[in-house]
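Here are the chains, one letter per residue:
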Amino acid sequence: MARSTTKDAQALFHSLRSAYSATPTNLKIIDLYVIFAVLTAIIQVGYMAIVGSFPFNSFLSGVLSCVGTAVLAVCLRIQVNKENKEFKDLPPERAFADFVLCNLVLHLVIINFMG
């Protein structure tokens, strides 16, 4: 039973790796940015658990900034992906401009929340 599960996991990992190798470079860069934003949020939560959350607004602002940026980057990835038929008429420059504008609004709200 364990041997079958290991083989299935290896086959799944190999198929995901081969499928991801065909992904365009710009989407891989966006994926790295999303991973960085999520890891930064996890580090902030870990720091809060160890040290404490005295300025709680600052902690919330940092985590929400990371999570919001990751969500906006996922939206950018969806819009820039050539295989997505819903956004085929949307130029990548417009999608990036939307991403930058939404990030600006997000961070203005976060700065306002910090006080």
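Residues numbered from 1 in each chain as written. Predicted model: local features only at pLDDT ≥ 70, side-chain atom pairs only at ≥ 80, totals over all residues. Heavy atoms only, no water.

Chemist: Which residues make up the nonpolar core, and what are the values?
Modeler: Among the nonpolar cores identified, the biggest contains eleven residues, and these are L27, I30, V34, A37, A70, L72, A73, L76, V80, A95 and F99. When contributions to this core are tallied by element, the ones reaching two or more residues are α2 (25-51), α3 (56-80) and α4 (92-114). Those residues in contact with L76, other than ones at most four positions away along the chain, are I30, A95, F96 and F99. (Core = buried A, V, L, I, M, F, W, Y, C linked by side-chain atoms within 4.5 Å. Buried < 20%, exposed > 50% of the residue type's maximum accessible area, 1.4 Å probe, protein only. Helix = DSSP H or I, 4+ residues; strand = E, 2+ residues; numbered from the N terminus. Contact = heavy atoms within 4.5 Å.)

Chemist: Describe in detail the UniProt feature "transmembrane region" (unreviewed entry) in the protein chain, supporting the description with residues and values.
Modeler: On the UniProt side, "transmembrane region" (unreviewed entry) is annotated at positions that read residues 30-50, 56-76 and 96-114 here. Along residues 56-76 the backbone is 100% helical and 0% strand, and the end-to-end C-alpha distance reaches 30 Å. Secondary structure over residues 96-114 splits into 100% helix and 0% strand, and the C-alpha atoms at its two ends are 27 Å apart. (UniProt positions renumbered as here; feature names shortened; annotations may be inferred.)

Chemist: Which residues make up the packing of α2 against α3, and what values do they have?
Modeler: Orientation of α2 relative to α3, taken along the N-to-C sense of each, is 165 degrees, at an axis distance of 9 Å. Overall, the two elements α2 and α3 adopt an arrangement that is roughly antiparallel. Note that α2 runs across α3; the crossing there is left-handed. Tallied by class, the residues present in the contact of α2 with α3 amount to 18 nonpolar, five polar and two charged. (Axes fitted to C-alpha atoms, helices over the stretch in contact; angles between N-to-C directions. Parallel < 35°, antiparallel > 145°, perpendicular 65-115°, else oblique. Left-handed = near helix turned anticlockwise from the far one by under 90°. Nonpolar A, V, L, I, M, F, W, Y, C, P; charged D, E, K, R; others polar.)

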